[in-house]
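# Architecture at a glance
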4 protein chains.
Amino acid sequence: MIILLKHKVREADQRQLLHYIESQGEIIHKEEKLLVLREDIPEPDILYRYKAVAKVITRQSSCTLVCAGNSKPEIVIRGNTIGHGDLTIIAGPCTIDDTGRLRETAHALSEEGIKFMRGGVQKLRTSPYSYSGAGLKALETFASIAKELELITVSEVISPEWIVPMTEHIDILQVGTRNMYNYPLLKALGKAGRPVILKRAVSATYKEWLLAAEHLAVAGNREIILCERGIRTFETSLRNTPDIAAIPVMKERSCLPIIFDPSHATGDRRFVLPLSYAAVAAGVDGLLLEVEINPQSAPVDGGQTINIEELRRIMRKLPSLIVQ
Amino acid sequence: MIILLKHKVREADQRQLLHYIESQGEIIHKEEKLLVLREDIPEPDILYRYKAVAKVITRQSSCTLVCAGNSKPEIVIRGNTIGHGDLTIIAGPCTIDDTGRLRETAHALSEEGIKFMRGGVQKLRTSPYSYSGAGLKALETFASIAKELELITVSEVISPEWIVPMTEHIDILQVGTRNMYNYPLLKALGKAGRPVILKRAVSATYKEWLLAAEHLAVAGNREIILCERGIRTFETSLRNTPDIAAIPVMKERSCLPIIFDPSHATGDRRFVLPLSYAAVAAGVDGLLLEVEINPQSAPVDGGQTINIEELRRIMRKLPSLIVQ
Amino acid sequence: MIILLKHKVREADQRQLLHYIESQGEIIHKEEKLLVLREDIPEPDILYRYKAVAKVITRQSSCTLVCAGNSKPEIVIRGNTIGHGDLTIIAGPCTIDDTGRLRETAHALSEEGIKFMRGGVQKLRTSPYSYSGAGLKALETFASIAKELELITVSEVISPEWIVPMTEHIDILQVGTRNMYNYPLLKALGKAGRPVILKRAVSATYKEWLLAAEHLAVAGNREIILCERGIRTFETSLRNTPDIAAIPVMKERSCLPIIFDPSHATGDRRFVLPLSYAAVAAGVDGLLLEVEINPQSAPVDGGQTINIEELRRIMRKLPSLIVQ
Amino acid sequence: MIILLKHKVREADQRQLLHYIESQGEIIHKEEKLLVLREDIPEPDILYRYKAVAKVITRQSSCTLVCAGNSKPEIVIRGNTIGHGDLTIIAGPCTIDDTGRLRETAHALSEEGIKFMRGGVQKLRTSPYSYSGAGLKALETFASIAKELELITVSEVISPEWIVPMTEHIDILQVGTRNMYNYPLLKALGKAGRPVILKRAVSATYKEWLLAAEHLAVAGNREIILCERGIRTFETSLRNTPDIAAIPVMKERSCLPIIFDPSHATGDRRFVLPLSYAAVAAGVDGLLLEVEINPQSAPVDGGQTINIEELRRIMRKLPSLIVQ
């Protein structure tokens, strides 16, 4: 059981509370505004009678800061808002490896009216022998090309020591599906001062996903964007099974915006378009799309990367699909 | 290995083929236009040199009659076509139990422009103690009310002995999720002379689902409508996980129309609307909706049944969501 | 809500009960000893004050006749008991197709001390083009060979019309994994007068599996043997994922014996041995093994069929693995 | 495509190889003994004609260093060998929080002949409000108590910065299920100089698990012990579904020892015993057991922790369950 204390508490009120708690159970952890008890006490609601208490969280409760009922985070980057009615399109290559192609892709995206550009510089790859990105140099290239075109940048951070270099160059940090349970990374991102896209782990329940967001929020960062990217099921002919229902469910249960990644969810460019349409009709706040000017030559995940013409088709359809 | 013979084959050509096959393997089953061999023969393509051969199906092949490339079945009922561009809305109660409410619901649906009405008269229930439908009497009531209003009827058939009474009263027969693997039932439906809605089993792969359709087609019925109704995953807060990707995948792989049942896929009326929108945007051919005039009093599945007002909201949105 | 009445009830007591129930809710179904109400009444326990009431089953309850606490069914066939401490080994080919090989296999099994022989005569195959068994003729052959050797026979029944011919020749009827939800078949088996092996559906929960058993029990047959045969998960390198935990869980929750089929659970003869050992150490009541004298030539599922030498190795190990 | 070079290569041979490769494809990454190409070259086997080449790994290959065929790692700690026929029992509390109870448990384990003791000092908890361990102080306490009793210590490392303090006090480092995909952590553990227990992620395929082990091996650490701890399926009445088949499959496919954690796999002490027996009969190399002298008061995971008496029962049974 966790007890959150009010921001301003009189000594006497706090002492009175502690006195009661210690008669009821064992405190196993204590911070300035937070007490952790080994077990739920028999009648948790009694605690609200104490002036020092802001919130009581029992084992039954799951999240508190990111749940529905809280105010939606204001995520605004150079005038662009995420999650308040606008549909945010984030597009770009999976991995940055060729400066020439990156620049061409960036220009093409910009011409299509795209404001947010994604690009991976360091990736977690299942095989230690797979290509895992060009690292810091690619980061600088990405940032400088984006700056020229006034694009907002999105890139994945794979471990805590990358947070500082990333925040120098990147506007929105992404936590990949393999890191959703990496709580030390989430804790470190609590102080990053950048909005975080939190991808769902491949078999995470809705509750675990929200609790990962809660880890971020507790650590000090409430600018969280959930990202559905497909789950693992018994069906293997697509890379993953896109869970479109997660979109309205998360909008019901949490205060956070949610975007959808049809590229990783399907792993097949033929299905990126219909699933993008589906997600928008279901109420998603944005799309995270793998796009290149010349997808066939992408070094990683080429089969799921759409080209500019396909992006244009998506962009044309979207406005009519938004359900008010 | 299966060898399908041409419709018109000269005796001599057939004899020549048999002679060759018998030198290569063992025939374990024989019908007029179909031969089954115990094993694939070493070079199957050689068979196409024989004039009698229409198609060779090896163990690697999955379906043949229902695959993409075949002509789409013409399913037309009293002037209403399924699967050729129109969006088919099938609405009605899960279970028929009260004649008065059924009549009121039917009138309300008809006023909304609904042409297809669903209603269960005999249900498979997981618990032997659950209410499983009112049976034959309900069937007659349903048919007579539908006739007055010129509604096309859809109802589930749960075992072969129900096929004859059902075909007397019902226009489209439905195979429920628990019966997708019930091949004796599918075989019997091959001769039913009614279009069949084939629901996906709760953990069926795409291939198994298509092969169940193939069972129907081989048995003589090609008027098959696939129905996605959610799959079982590790997430339990919805009844099932709707697999929206199944819609474009099945349109790519098969020649069959596909509809979607958001009521059973989610089990929660709050999510029926956004998932209906998503399915339509993903290209679905129709929706199968649980609707009642007064959902709270439905004896089965009340939590997922929408009311007429919600149906009206869905109907209003749909036209703009259809992606050409 | 279901109310089961006592076997001997006085008219007056029954009338009194009905009077009360009708004041509380709506009876939607009535049999001699069973009443079904549309909804649970507010205070179900009050019903136990009525003399006519044997048991009240609310929506929360799952099973009643097959749960732990009931007496274990006495399943004894010609002196051989299943589920009371002995380990029952059922062995034989997946499918009966060649009389000569069947006879040789039967003799070999008998020499190894096997008392129960399995053999399929009619199979549900995912593809309509797959070989599905030799039918009634094979049944008679199987029964006659078994009789000579005093073997107890086990075979799968795939639809209700097969029950009568099967019960003439077969000692134990098996319900396959695809038929676990086929309640009309289970109901028909309620009167078959033969013990039934009930295989778990490929993604059935423990509760659904027990409720399928309850369908059988309610229909009049309590000689039920559960059979775990692997579940469907995201891992595809084995045909299924054997759920060994189901063994102790079902022994905890139900009164039924449980056997294990390592052949279908793994689909790979190399893993049949270690999984057989695991199941026995976990407390299983029996094994259902695919065995042939010459597995390589088996027409169906050859890759999972062990030979007599492997069976002998298993049989030698088993006694030391039984944990008291 | 990856090309591993031989340890001793003549300049001229290496130059010749590079010359050929550059004519065939693009090198995207280069280390002293390792070359990464963007794509597989058309005929990989030709490379073996070059003297400098030790091994060629195409996209089809999965692992190389940890696969079957390699020699089994020699993991010996103060005379105790893991994975060469002996059954390794690792027992202890989930989390270390009370020095008194820890000491009592350690003494009790030692008296039972246990040589390996586990204990968590820093845990990843799904909820940010859950108790997550006592940290460094607990580590020192654990190490000092273990030293007195000559116990070998096992503890989980949750992030790279913990590796140094852990290696000072702990003999075997454990990577938890949430960190199996944390490749930066695995890479850091490559130089830790301690054997690593690698738990399977909750929905990892066999291939992903082996590739995580390969990450460790490539980074320089081959003293790897796989640990099966249950997978996530649709069944929720146990915490996880223990995958006993993983034991023989991993022994077939890899050169690594494999242990089993029945405590987390089931989450229920009633099922820890039968699943331990099953794993041993299936050929496991060891068990990782949650044991305390007084399980009811354990602050985390109390429901799955067995007591000393239950441990004693397991220890007594095991010898007869080992199948040669």
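Only a predicted model underlies this, so the values are computations on that prediction, with no experimental measurement involved.

For the rest of this paragraph, the subject is the packing of helix H2 (residues 99-111) of chain D against helix H3 (residues 136-148) of chain D. Residues and elements named next belong to chain D. Relative orientation of the contacting elements H2 and H3 amounts to 30 degrees, with a least axis distance of 10 Å. In terms of their interaxial angle, H2 and H3 are classed as roughly parallel. Viewed along their axes, H2 and H3 form a crossing whose handedness is right-handed. Side by side, H2 and H3 meet where Thr99, Leu102, Arg103 and Ala106 of the first sit next to Thr141, Phe142, Ile145 and Glu148 of the second. Of the residues in the contact of H2 with H3, the class split is four nonpolar, two polar and two charged.

Let us look at the interface of chain A and chain B. Facing the 35 residues of chain A at the interface are 35 residues of chain B. Between chain A and chain B, a total of about 2700 Å² is buried, with carbon and sulfur atoms accounting for 73% of that surface. When the buried surface of chain A facing chain B is broken down by residue, A:Phe234, A:Glu235 and A:Phe271 rank first, second and third, together holding 19% of it. Scanning the region where chain A abuts chain B turns up two salt bridges. The partner of B:Arg270 in a salt bridge is A:Glu252, with the nearest N and O atoms 3.0 Å apart. At the junction of chain A with chain B, the criterion picks out six residue pairs in polar contact (both at pLDDT 80 or more). Those elements that provide at least two residues to the side of chain A that touches chain B are helix H7 (246-253), helix H9 (269-281) and helix H10 (308-321) of chain A. Top contributing element to the side of chain A that touches chain B by residue count: H9(A), with seven residues.

Time to look at the relation of the copies chain C and chain B. Its rotation angle being 180 degrees, the transformation that places chain C on chain B also includes 0.0 Å of axial translation and leaves an RMSD of 0.1 Å. Given the turn and translation reported, the copies of this chain are related as if by a two-fold rotation axis. Taking C-alpha positions as reference, the residue of chain C nearest the rotation axis is C:Ser203, located at 3.2 Å. Most of the interface of chain C is mirrored in chain B: 100% of its interface residues are interface residues there too.

Turning to the sheet that holds strand E14 (residues 286-290) of chain C, a few remarks are in order. All names here are of chain C. The strand order around the closed barrel built from eight strands is E7-E8-E9-E10-E11-E12-E13-E14, with neighbouring strands paired in parallel fashion. The sheet shows a mean angle of 25 degrees between the axes of neighbouring strands, taken without regard to direction. As defined by bridge partners, strand E10 (residues 172-175) adjoins strand E11 (residues 196-199) across three bridges and the pair is classed as parallel. Note that in E11 the partner of Val175 across the bridge is Leu198. The sheet contacts of helix H2 (residues 99-111) involve strand E7 (88-92) and strand E8 (116-118), and relative to E8 the element is tilted by about 155 degrees. Across the face of the sheet, helix H3 (residues 136-148) comes into contact with E8 and strand E9 (152-156) while running at roughly 160 degrees to E9.

Residues and elements named next belong to chain A. Within the element layout of this structure, Pro73 appears in the loop between strand E4 (53-57) and strand E5 (75-77). The exposure class of Pro73 is buried, given its relative accessible area of 10%. For the pair Pro73 and Cys255, spaced 182 residues apart in sequence, the C-alpha separation works out to 7.5 Å. Setting aside its immediate chain neighbours within four residues, Pro73 contacts His84, Arg222, Glu223, Ile224, Cys255, Leu256 and Pro257.

Glancing now at the domain arrangement of chain A. Segmenting chain A into domains produces domain 1 (2-57) and domain 2 (75-320). Here domain 1 of chain A and domain 2 of chain A have C-alpha centroids that lie 40 Å from each other.

Below, the discussion takes up helix H10 (residues 308-321) of chain B. What sets the pattern is the α-helix's 3.6 residues per turn: residues three or four places apart point alike. Over its 14 residues, H10(B) runs 20 Å from end to end, which matches the ideal 20 Å to within 8%, given 1.5 Å per residue. Those residues of H10(B) that fall on the buried side of the exposure criterion are B:Ile308, B:Glu310, B:Leu311, B:Ile314, B:Leu318 and B:Leu321. Looking straight down H10(B), one finds its buried side chains confined to an arc of 145 degrees; they lie on one side. Exposed residues on H10(B) whose side chains face more than 90 degrees from its buried face are B:Arg316 and B:Pro319. Summarising the contacts, the buried residues of H10(B) are in contact with H9 and H10 of chain A together with strand E7 (88-92), helix H2 (99-111), helix H9 (269-281) and strand E14 (286-290) of chain B. Capping of H10(B) at its N-terminal end is provided by B:Asn307; its side-chain oxygen lies 3.2 Å from the backbone amide nitrogen of B:Glu309.

What follows concerns the interface of chain C and chain B. Each side of the interface is counted separately: chain C has 35 residues, and chain B has 36 residues. Carbon and sulfur atoms make up 61% of the area that chain C and chain B hide from each other, which totals about 3300 Å². For chain C, the biggest contributors to the area lost against chain B are C:Thr126, C:Tyr129 and C:Arg232; these three give 23% of the whole. Linking chain C with chain B are two salt bridges, by the criterion used here. The partner of C:Arg232 in a salt bridge is B:Glu208, with the nearest N and O atoms 2.6 Å apart.

Turning next to the environment of B:Asp261. Residue and element names in this part refer to chain B. Tracing the backbone through its elements, the reader meets Asp261 in the loop between strand E13 (258-260) and helix H8 (262-266). Non-local contacts of Asp261, meaning those with residues more than four positions away in its chain, are made with Arg118, Lys199, Cys227, Glu228, Arg229 and Leu288. Among the polar contacts listed, one links the side chain of Asp261 to the backbone nitrogen of Ser263, at a separation of 2.9 Å.

Take the pairing of strand E3 (residues 34-37) of chain A next. Residue and element names in this part refer to chain A. Burial along E3 is two-sided: Leu34 and Val36 facing one way and Leu35 and Leu37 facing the other are all buried. Of the strand pairs in this sheet, strand E1 (residues 2-5) and E3 are connected by three bridges, and their pairing is antiparallel. Pairing of Leu4 across the sheet is with Leu34, part of E3.

Glancing now at the confidence of the model for chain A. On average, residues of chain A carry a pLDDT of 90, and 94% of them reach 70 or more. Reported confidences for the modelled complex are a pTM of 0.85 and an ipTM of 0.84.

The subject of this paragraph is the pattern of salt bridges. Residues and elements named next belong to chain D. Scanning the model with the defined rule gives 56 salt bridges over all chains in all. Of the charged contacts in the structure, one is a salt bridge between Glu228 and Arg200, with a shortest N-O distance of 2.9 Å. Within this pair, whereas Glu228 is found in strand E12 (residues 224-228), its partner Arg200 is found in the loop between strand E11 (196-199) and helix H6 (206-218), the two being separated by 28 residues in sequence. Each member of the pair, Glu228 together with Arg200, is buried. Put simply, Arg312 and Glu309 hold a salt bridge, and the shortest N to O gap is 3.1 Å. Of this pair, Arg312 and Glu309 both sit in helix H10 (residues 308-321), separated by three residues, roughly a single helical turn. A relative accessible area of 39% means that Glu309 is categorised as partly exposed.

Basis of the calculations
Residues numbered from 1 in each chain as written. Chains lettered and ligands numbered in written order. Predicted model: local features only at pLDDT ≥ 70, side-chain atom pairs only at ≥ 80, totals over all residues. Heavy atoms only, no water. Axes fitted to C-alpha atoms, helices over the stretch in contact; angles between N-to-C directions. Helix = DSSP H or I, 4+ residues; strand = E, 2+ residues; numbered from the N terminus. Parallel < 35°, antiparallel > 145°, perpendicular 65-115°, else oblique. Left-handed = near helix turned anticlockwise from the far one by under 90°. Contact = heavy atoms within 4.5 Å. Nonpolar A, V, L, I, M, F, W, Y, C, P; charged D, E, K, R; others polar. Buried area = accessible area lost by both parts, 1.4 Å probe. Salt bridge = Lys/Arg side-chain N within 4 Å of Asp/Glu carboxyl O. Polar contact = N/O pair within 3.5 Å; in protein donor to acceptor, adjacent residues only side chain to side chain. Least-squares fit on C-alpha atoms with pLDDT ≥ 70 in both. Pairing = 2+ DSSP bridges. Buried < 20%, exposed > 50% of the residue type's maximum accessible area, 1.4 Å probe, protein only. Domains from an automatic or database assignment. Expected span 1.5 Å × (residues − 1). Arc of directions from axis to C-beta. pLDDT = per-residue confidence, 0-100.

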